[in-house]
Amino acid sequence: MTPHIIPVYGVNGVGKSLFANFLLSNYLENYEGMSTDNLRTILRRTTNPDHVIQQSSYCAWTLFGEETRENTIKGFKLYRDAPSQLIKFLLDRAIYEGVNMVFEGIHFNPETYFQYGDSIRARPVLITVKDESTHIQRLKDKCQGRQGLYDRIMGYFHSVRSIQEFLIQEAEEYNIPVIDNDKDTSKVVRKVLEVVSK
């Protein structure tokens, strides 16, 4: 059996965890869920303090100097690829055992999945929040009770938005569906279901 792999990805505060968990709880029986943040946590405990994974996706540019768009994207690419070997281990297991999986997180590189060819059926979905004010409100909701986290993300909000722009451009190159998480959540759910059911 060819395993179905559904990566639900996007930047901070777009609702990727919400939709991934909703799919797993209500629609996708016989699927395992994996947050790539769990892989990040493992790497943070097992790598040196100067490893890129010790950074956050939106501030990994600091390894390259100034906060330019070029450095922001360069740092982000390095950061998202940090757990790629662990992701490959899980994909290898999915193939060997015939396990369907939903991956959720920002650590998604299309090449990691598409290099498997027909060995897996990858159905990635990029979740975005294109309206800036809506994105800020989503971050406030996400960070309720964690003011320090909210202040940190907002301090790098420009980088977060730059990364989202890059991900949208990349998704278009790979024909990956981009679904904007606007105020109509039910519409977003329908769109996500249309993608993963193909």
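Conventions adopted
- Residues numbered from 1 in each chain as written.
- Predicted model: local features only at pLDDT ≥ 70, side-chain atom pairs only at ≥ 80, totals over all residues.
- Heavy atoms only, no water.
- Core = buried A, V, L, I, M, F, W, Y, C linked by side-chain atoms within 4.5 Å.
- Buried < 20%, exposed > 50% of the residue type's maximum accessible area, 1.4 Å probe, protein only.
- Helix = DSSP H or I, 4+ residues; strand = E, 2+ residues; numbered from the N terminus.
- Contact = heavy atoms within 4.5 Å.
- Arc of directions from axis to C-beta.
- Phe/Tyr/Trp six-rings, centres within 6.5 Å; stacked < 30°, edge-to-face > 60°.
- Pairing = 2+ DSSP bridges.
- Salt bridge = Lys/Arg side-chain N within 4 Å of Asp/Glu carboxyl O.

> What should I look at first to understand the nonpolar core in this one?
Soluble, globular proteins show a tendency: their nonpolar side chains are buried together. Counting residues in hydrophobic clusters, the biggest one holds 59 residues, and the most contacted among them are I5, L91, F103, Y113, I127, L167 and V192. It is helix 8 (residues 157-173) that provides the largest number of residues to this core, a total of 7 residues. Leaving out residues up to four positions away in the same chain, V192 has contacts with L23, V125, I127 and I179.

> For this particular structure, what's the right way to read the side chain of S57?
For S57, the location among the structural elements is in the loop between helix 2 (36-46) and helix 3 (69-81). Judged by relative accessible area, S57 falls into the buried class, the value being 5%. Apart from residues no more than four positions distant in its own chain, S57 is found in contact with N12, F76, Y79, I106 and I163.

> Help me understand the environment of N26, please; the structure alone is not making it clear to me.
By secondary structure assignment, the location of N26 is in helix 1 (residues 16-26). Placed 62 residues apart in sequence, N26 and K88 show a C-alpha to C-alpha distance of 27 Å.

> Explanation requested: helix 1 in the structure shown.
Listed in full, the buried residues belonging to helix 1 are K16, F19, A20 and L23. The buried residues of helix 1 occupy one face: seen down the axis, they fall within an arc of 100°. Every exposed residue of helix 1 that faces more than 90 degrees away from the buried side is listed here: L18 and S25. For helix 1, the elements touching its buried residues are strand 1 (4-9), strand 3 (100-105), strand 5 (125-128) and helix 9 (185-196).

> What's the story with the packing of aromatic side chains in this structure? I'm lost.
In this description, an aromatic ring pair is defined by two values, namely the gap between the centres and the angle between the planes. Per the stated rule, a full pass over the model turns up 8 aromatic pairs. Every member of this aromatic cluster is reached through a ring pair, and the members are Y9, F103, F108 and Y113.

> Quick question: what am I supposed to make of the pairing of strand 3 here?
Regular strands place side chains that alternate from one sheet face to the opposite one. Most of strand 3 is tucked away: 6 of the 6 residues are buried. Pairing of strand 1 with strand 3, which is carried by 5 bridges, proceeds in the parallel orientation. Pairing of Y9 across the sheet is with G105, part of strand 3. Two strands pair when backbone bridges link them, and strand 2 (residues 31-35) and strand 3 are joined in this way by 5 bridges, in the parallel orientation. Each residue of the ladder has a partner; that of S35, found in strand 3, is E104.

> How should the pattern of salt bridges be read in this particular structure?
It is possible for side chains of opposite charge to pair when their charged atoms get near one another. Following the criterion strictly, the structure yields 4 salt bridges and no others. One salt bridge connects E32 with R93, and the closest N-O pair in it is separated by 2.9 Å. Residue E32 is located in strand 2, and its partner R93 is located in helix 4 (residues 84-97); the two are separated by 61 residues in the primary sequence. In this structure, R80 and E170 form a salt bridge, with 2.8 Å as the shortest nitrogen-oxygen distance. You can see R80 sitting in helix 3 and its partner E170 sitting in helix 8, a full 90 residues away along the chain. Taken together, the shared-partner salt bridges connect E32, R93 and E97 into one network.

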